[in-house]
Amino acid sequence: MKELLTIDDISVSYGNIKALQHVSMHVNEGNIVCLIGANGSGKSTLLKAIVGQEPLVGGSITFDGEEICRAKTEVVKGEKRGRYLTTDLIAAKGIALVPEGRRVFADMTVEENLDMGAFLVRDENLIAERKEAMYDFFPILGARRRQKTRSLSGGEQQMMAIARALMSGPRLILLDEPGLGLAPLVIADIFEKIDMINKQDKVTVFLVEQNARMALKASTEGYVMENGRIVLHDVSSALLENEQVRAAYLGE
Amino acid sequence: QGGSEAASPKIGFIGPMTGDYANYGVLSNNSAMLAVAEFNAKGGIGGKLPVVLVTEDSEGNVEKGLSSIEKLSSSDKIVGLIGPVFTGVSFAVGERVQNEGIVMISPSATHADITSIGDFVFRTVVSDGLQGEVAGRYFFEKLGYRTIGVLYAKNDYSQGLYEGMTASFEAAGGKVTIAEAFNVGDKDFKTQLTKIRSANPQAIYIPNYTAEMAQILEQASQLGMKIPFLSCDGFSNPEIYNLAGGFTDGVIYVGPAKVKESPSYSKFVADYTAKYGVGPDSFATNAYDGTNILLAAMDKVYKATGKFDRKAIRDAVAATKDFPGVSGTVNFAENGDLVAYQGLYKVNKTTPEYLGTYTVVDGKLVQID
Amino acid sequence: MFNFFLLILIYAGIYALMALGQNIITGYGGMLSLTQAGFFAIGSYATAILATRFGWSFWATLPVAALLSAFFGLLIGLPTLRLKGDYLAIATLGFGEIVRNVLNNWDSLTNGPMGIQRIPMPDLFGFTINPYKKYAFLFMLVITVLIAYLLFQRLARSRMGRALTAVREDEIAAQSMGINITKYKVYAFILGASVAGIAGSFQAVFTLSVTPGTYTFMVSIMVLCMVVLGGMGNFKASILGAFIIQLISYLPQLTGLSSVIPPQFKQILFGLILVVMMIWRPQGLLGRESNRYGKKAAKSKGGA
Amino acid sequence: MILLETEALTRAYGGVIAVNKVDFQVESGLITGLIGPNGAGKTTLFNNVTGLDVPSAGKVFFNQKNITGFPAHTICRMGIARTFQNIRLFKELTVVENVMIGRHFKTGKSETKGRFLNAVNSYIHLKAEEEQIYERACDWLDFFEMGSMKNELAKNLPYGRQRELEIARALATDPKLLFLDEPAAGMNPQETDHLMATIRKIRDLGITVVLIEHDMKLVMNICDSITVLNYGQKLAQGTPREIKHNPSVIEAYLGKEEE
Amino acid sequence: MGIAEFFQHLMNGLTLGGIYALIALGYTMVYGILKFINFAHGDVLMVGAYVGLFLFDLLRGSSPLGLWTIIAFFIAMLISMAFSAVLGVFIERVAYKPLRRATRLAPLLSAIGVSFILSNSAAWMFGTHSRKFNYPFDNTPVHLGDVVITPHQILILVVSLVMMIILKLFVDRTRMGKAMRATSLDQGTAMLMGINVNRVISMTFAIGSALAAVGGILIALDFKVYATMGTMTGLKAFVAAVVGGIGNISGAMFGGILLGLLETFGVAIFGIPTGLKDTIAFGVLIIILLVKPEGLFGKVEKEKV
Ligand SMILES: Nc1ncnc2c1ncn2[C@@H]1O[C@H](COP(=O)(O)OP(=O)(O)OP(=O)(O)O)[C@@H](O)[C@H]1O
Ligand SMILES: Nc1ncnc2c1ncn2[C@@H]1O[C@H](COP(=O)(O)OP(=O)(O)OP(=O)(O)O)[C@@H](O)[C@H]1O
Ligand SMILES: [Mg+2]
Ligand SMILES: [Mg+2]
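Residues numbered from 1 in each chain as written. Chains lettered and ligands numbered in written order. Predicted model: local features only at pLDDT ≥ 70, side-chain atom pairs only at ≥ 80, totals over all residues. Heavy atoms only, no water.

Under an unreviewed UniProt entry, the name given to chain E is Branched-chain amino acid ABC transporter permease, and the organism recorded is Sphaerochaeta associata. Note on chain E: under the UniProt heading Sequence similarities (unreviewed entry), the record states "Belongs to the binding-protein-dependent transport system permease family. LivHM subfamily." Looking at chain E in UniProt, the text filed under Subcellular location (unreviewed entry) is "Cell membrane". (UniProt positions renumbered as here; feature names shortened; annotations may be inferred.)

Shown next as structure tokens:
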């Protein structure tokens, strides 16, 4: 299986706070990989680093064989050279992020938000098709399609953010706590849907989730992060049985 | 009190050099520079000391005017001041020079009360009072108008003229049937003109600065107005014909007395235009005379005493008699005001034609020339 | 030269008063108000009119100027509080322009564009504080700025300041914490207006003449610049900002450069300095005042 | 005793009726849960009760007093505090300052309505007052074991801590009734457990708690009574056991039991 | 007031409003995206007018009014638009871009600085006097009964209307327009959608500044060219843009027209002294804002908690 995303020894800091320290991981094409960890362990930071929203202080990130980010301090061929693609270029490579805190375009309607998600898609028919698919999947969004997103409920906005990311037809989708604020039924649905797009549309999924049990069940592989470091990596079924994980993240 | 020794004496100029009114400051400052340059070219004071002109920008406001005089008086130790250009600043600066004992000659502060600040304040421009008086009487008596409309700006100069003209016109028996104002910075006067058109006066008096007058004339023509226009010394700036060339025909204005005839005036205009690329307006003309008067006074005092005593220079300025200025013969009244007559001109296409020189004595219009 | 420096200090002092007021409105309350010039004018004219027409002493006119501006602060504060951000800016800008327009046109009261001259100099214990002799005037002004500063500083470090900060940060949360946001916004306006009125009074007895042309919209902008340049939400910085902006604007005259360079260069220089300063320190020279309890606030964020 | 009650509370936004004739009761001293599908109108109900939104129809009673349409700050002063679904801390202020703002109207002389004189008065008593506010704020932080973070900027706290800080800030107003909108969102199971204990502690202080939550473990464990909304209407009300087995609730919201 | 006078005032008000609208459109472009008052907009307008003036005089030489003067005028206008667009983008790069993450007031101050630099440089280079921009066409007024209109007045109205429509179509219909809207709402998230925010912002400045040049030239025909020409009119246009509703294109247009009509009728109808024109205009604008705090065309959207 091909390695789609490779994170090689990256570090990220916020001033003095070392949010990520020497993190390495990889996501194979076609897989669902999950990342779990306590609050503040650095999960969101990692996702932001992948899409180029946080600069690296060390390491590099490669997507589909092309290096998309490298820290300024890295030495390449005897030279100190940083390099990075801006977020929009990374998005154009086929990476979509469902950001933490939803970040919907509040003054746009649901429909316009979906259109923005498909900004890089030029085929009008395809866009219309995908939109319909989204309304099928989240009927409430269909009912609210002409409503400004700012007036949606928290959960509706979350659905909106997920649907928007799917609109671009990404190769890799990064989900930052997709279940946040969603009703139990909907969460179950979403995990099913994730599975479906993964199987049918061959979208690779990288999932960050507090609900570790569901995340691990849905994924093939899992990483555990603590204080900005990866402390465990295994296939998900093994992690589900892991004592340490059970105690710390499954609430048992 | 002040008075510096033999080193090159300095004189100051204060006027708006930047901002909305910069043009008026710049034109007058040009004159002062020209006068000083010519004076120095002839050898300067006593044939040996060149005079230094220090220009400061008032930006047309009192705060900057005061800082300018502060600088001129405490850093440059000037012995005389040309300016400031506008009434508001002139009041503030006038109080200050009076206090410091520096003689000041304003080329364009027209407010009637300026010279009553004190004995150090002079001007080479007629006060609004006189110009307005001549204008009102002339419009009534010689032009035979009984109703006049006015379009003036809410600034000291324009409003002063409006009030002066109205008082004398109505005293003579006429009536200002409509007076419309606009604010500084406005460029569209169609509302006011439309209102005036509807009031249908026999003529319209537009006492304003050049740029606004050009604008008014053009817009009046756009509104198809055929009413005769009357104006003030602001019209003596030849710039008006560049800006509103097609619309100046027939305008009658009150301006400096008979300047067009004098050869020194033509030479001044030619030199000025050659040097600065634009022509002088009447304030610039006044500034030129003012500067020359100041320089002559300094020369006189220096020759007599070998120093530049501020008080002595003031006295010498006050003693100026029949100074042959480019704007005519200059004399100062007891209070520092210009003793002057008003010229009347009628524009033929784009050339002003001289109609006569007038003054008002005891409420009666008297033709001098 | 030294005299000229004193003059800069006096102007800085007068503007510092306005900047303190602007800071409480914009720096603390987070409201972008562009109307200090209006209050400044009201204060100036109050003093000018009362002193020349009714023979009041400066000290008697001072509280009137403050109260009158405060009243107008309340008047425009109350209704305009419904407005956010730049809508508020426009409404306040409009108010400032209205004040100037009215002063320029109400000839019977304000003498219109001619302005009011010959304003009597203030007396203090029998001494005339002659603005030409700058020490006494400066002294009087410094005391006033100091009092205003201490007062504002203490208010800001009390419940009032915290409430205003809360309103700035998040109105909805502030409301839900029992803070009457309208009340605090109006307080900010009243306080900000009254010091600007006092500044106007001082201006009137310093220049001894007032004309409507002095109180343009540019004055409000300059005051805003002082606050932002110093650092929003920091009273010391507002005073520093006032001093620096005045110093920059008068630097060419102070150094004698003004008579050497073309007059426009002075303004161009001012513009350049403004741009460079902002890029160099967008948070202002001193930045927002550090949180009283805890660390200094982060550099880049906050404010209206 | 019924502490808070809504009577046919309705809030319509144009065509969308977010809350539809809901009668909702909160028993004093208990923990009441409010659950329902996304968009059911839970947050809207909170907003209408706490004065951030004005009902289209219906009434709200607090302590038998009709408080419908009162401004938010008044309602807060009467003893109702809340947190927000999307955290609304004063981000640029420190942790302790956030809580101090909660103490805003709780101090010394100023408790009698804020007049300008009071501002003057409080100016005079500034120091004592400030100390008083500070100490009380610290007490609340200690309650959440956040004493060591009090000088951090609020925005730099991890998510879960921010939620707790919001609760601390609300508690600082000494409420009789506390509304929590999805307090456990973004918390992992362990942290949720900790939160449950905290909420119980709050209840034991005599503060009535109403909470919205999608985490069923939390809801079923700590609520004494649960109200379910669906499409703006009240679907059911009862004890956790009743709700868990209510078929229409399962159908609309819970889905079939996991595991 | 007679019927003729009424219609004359109406016409005057409309064209004055057209001028405000023309400038307001450019303001709104930039304002809508970056949410800061681009004080230098009026000065870019002034630069555009100077460039247009010099080019037009150069191209025209001494040829009489006719087809060539009109062509020359358009060439001058196009070059001036391009020049202003480049200038606008340059200003953004140098003076505003470094401040994108700073407080909202920092770029405002920077813009004031730029405004000082531009207007004073122009005064220094081109002098402080007004220059006449000759009409490239015959501007003889047309009489409709007692009401008089000039071709230029009609031109202003037509151009501002056309520009409004084009802009609106552009922003609503094109990809670039959509990208602009997204950028205005949330730059970070816009990038996540694959939008090149830098390019969008540059584009916005380019369009806004090109519009300023058009406005500057058309205004110059009527009001002359001088260094401070952008300041006051620019400010009023900005007020109009805000009253219309921030970032709203039709709002800017109607705000402009409204302001023009207010300035005209406010003093024309009730016999209020014309000096108080600004008081009436600003007063009514404040009242409008109080009644409709989000501007005329803005949408009132309460924040959802
Ligand atoms: N902008 C920022 N400035 C300073 N510190 C930050 C910033 N963003 C995050 N942090 C800190 O970095 C660390 C990692 O944060 P991150 O958001 O990546 O955690 P997370 O694993 O996603 O947590 P959560 O589960 O709460 O979302 C935390 O300690 C957080 O406080
Ligand atoms: N201003 C508004 N205009 C139109 N519809 C609105 C408005 N505010 C809320 N709504 C709608 O009302 C419904 C109720 O929203 P509310 O936020 O109360 O839901 P909720 O129960 O809290 O959901 P969640 O669990 O997802 O947070 C939603 O469908 C929302 O779209
Ligand atoms: Mg996270
Ligand atoms: Mg909700």
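S.K.: Would you mind going over the interface of chain E and chain C in detail, with residue names and values included?
M.R.: Listed as interface residues are 50 residues of chain E and, on the opposing side, 45 residues of chain C. Between chain E and chain C lies a buried interface of about 4,000 Å² when both sides are counted; carbon and sulfur atoms form 77% of it. The tally of links from chain E across to chain C stands at 1 salt bridge. For the salt bridge of Asp86(C) with Arg104(E), the shortest nitrogen-to-oxygen distance reads 2.6 Å. Summed over the shared surface of chain E and chain C, the number is 7 residue pairs in polar contact (both at pLDDT 80 or more). Of all elements in the fold, only helix H3 (67–96), helix H4 (105–126), helix H9 (229–244) and helix H11 (277–291) of chain E reach the threshold of two or more residues within the side of chain E that touches chain C. When residues in the side of chain E that touches chain C are grouped by element, the largest group, 14 residues, is from H4(E). Looking at side-chain class alone, the side of chain E that touches chain C contains 32 nonpolar, 11 polar and 7 charged residues. (Contact = heavy atoms within 4.5 Å. Buried area = accessible area lost by both parts, 1.4 Å probe. Salt bridge = Lys/Arg side-chain N within 4 Å of Asp/Glu carboxyl O. Polar contact = N/O pair within 3.5 Å; in protein donor to acceptor, adjacent residues only side chain to side chain. Helix = DSSP H or I, 4+ residues; strand = E, 2+ residues; numbered from the N terminus. Nonpolar A, V, L, I, M, F, W, Y, C, P; charged D, E, K, R; others polar.)

S.K.: I'd like to hear about the side chain of Thr35(C), residue by residue, with values.
M.R.: All names here are of chain C. With respect to the helices, strands and loops of the structure, Thr35 is situated in the loop between helix H1 (2–28) and helix H2 (36–53). With a relative accessible area of 0%, Thr35 lands in the buried category. Apart from residues lying up to four places away in sequence, Thr35 is in contact with Ile76, Thr92, Phe95, Gly96, Phe189 and Ser220. (Buried < 20%, exposed > 50% of the residue type's maximum accessible area, 1.4 Å probe, protein only.)

S.K.: Mind laying out unusual backbone geometry, listing which residues take part and the relevant values?
M.R.: Of note, the bond from Gly83(B) into Pro84(B) is cis; its omega dihedral lies within 30 degrees of zero at -20 degrees. Mapped onto the secondary structure, Pro84(B) falls in the loop between strand E3 (80–82) and helix H3 (87–100). The phi dihedral of Lys202(A) is positive, around 55 degrees, even though this residue is not glycine. Take Lys202(A): it is sitting in the loop between helix H7 (184–200) and strand E11 (204–208). With relative accessibility at 59%, the residue Lys202(A) sits in the exposed group. Its identity as a non-glycine residue notwithstanding, Glu59(B) has a phi of 50 degrees, on the positive side.

S.K.: Just give me the short version of the nonpolar core, but keep the residues and values in it.
M.R.: Ranked by internal contacts, the top residues of the largest apolar core, which has 283 residues, are Leu46(A), Ile50(A), Ile61(A), Phe206(A) and Phe202(C). Apart from residues no more than four positions distant in its own chain, Ile50(A) is found in contact with Leu5(A), Ile7(A), Ile61(A), Ile68(A), Ile90(A), Ile95(A), Leu174(A) and Phe206(A). Ranked by size, the runner-up nonpolar core spans 102 residues in total, among them Leu182(A), Ala170(D), Val209(D) and Met220(D). (Core = buried A, V, L, I, M, F, W, Y, C linked by side-chain atoms within 4.5 Å.)

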